[in-house]
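Tertiary structure, described
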Amino acid sequence: MAAHQDPLLMEAAKPPRDASDPRAPHAPPPAPVWLQRMSLIVLVLFCFYIGGLLAVLPWSPRYWDQNGWLLAHPALESIINKGWVRGLVSGIGLLDVWIGVSELLHYRDFRG
């Protein structure tokens with residue numbers, strides 16, 4: 001009686017295919033370097049912009065305390081105006097700025 005073998009274990013036991021192997025599945029070519037760099041610039045600018053807004057706006061009375069939408073919802077206003085909520089939103093903003101800096105510092109071109 002033959003022992004049942006798990007197909008996942010059998011696939012894991014196979015040796016990895018070489019890129020020059022004609023049976024290997026063809027991966028799409030990487031994006032051009034200029035496109036990779038442009039997407040990095042857009043991502044970093046987006047992270048800096050959104051992070052800066054989230055870090056500063058909770059402490060601006062004009063946009064946070066005198067917000068017409070919040071004045072129309074008093075139950076939500078009592079929660080949003082707490083200091084810990086402002087700190088949480090600012091912390092998310094600083095985290096977003098940190099993500100932008102990290103992406104900028106750890107960028108590498110992928111040339112395939």
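Structure: above.
I will try to describe carefully the structure that is included in this document. Note that this is a predicted model, so its numbers are computed, not measured.

With that out of the way, let us pick up the overall build of the protein chain. Within the protein chain, the regular secondary structure consists of 6 helices and 0 strands. Secondary structure elements of the protein chain occur, N-terminal to C-terminal, as α-α-α-α-α-α. Split into buried and exposed, the 112 residues of the protein chain put 18% on the buried side. Considering only intrachain contacts with a sequence separation of at least 6, the fraction spanning at least 24 residues in the protein chain is 68%. Carbon and sulfur atoms provide 70% of the accessible area of the protein chain, an area that totals close to 9,200 Å².

With the rule as written, the count across this model stands at 3 salt bridges. The closest approach of N and O atoms between D65 and R86, which form a salt bridge, is 2.2 Å. Of this pair, D65 sits in the loop between α3 (61–64) and α4 (68–71) while R86 sits in helix α6 (residues 83–105); the two residues are 21 residues apart in sequence, bridging distant segments of the chain. On the accessibility criterion, D65 (29% relative accessible area) is partly exposed. According to the relative accessible area criterion, R86 is buried, its value standing at 11%. A salt bridge links R111 to D109, with the shortest nitrogen-to-oxygen separation between them at 3.2 Å. By relative accessible area, which is 25% here, D109 ends up partly exposed. One connected set of salt bridges, linked through shared partners, spans R37, D109 and R111.

Definitions and limits used
Residues numbered from 1 in each chain as written. Predicted model: local features only at pLDDT ≥ 70, side-chain atom pairs only at ≥ 80, totals over all residues. Heavy atoms only, no water. Helix = DSSP H or I, 4+ residues; strand = E, 2+ residues; numbered from the N terminus. Buried < 20%, exposed > 50% of the residue type's maximum accessible area, 1.4 Å probe, protein only. Contact = heavy atoms within 4.5 Å. Areas by Shrake-Rupley, 256 points an atom, 1.4 Å probe, with all protein chains shown as cover. Salt bridge = Lys/Arg side-chain N within 4 Å of Asp/Glu carboxyl O.

Everything listed here is a matter of geometry and, on its own, says nothing about what the molecule does.
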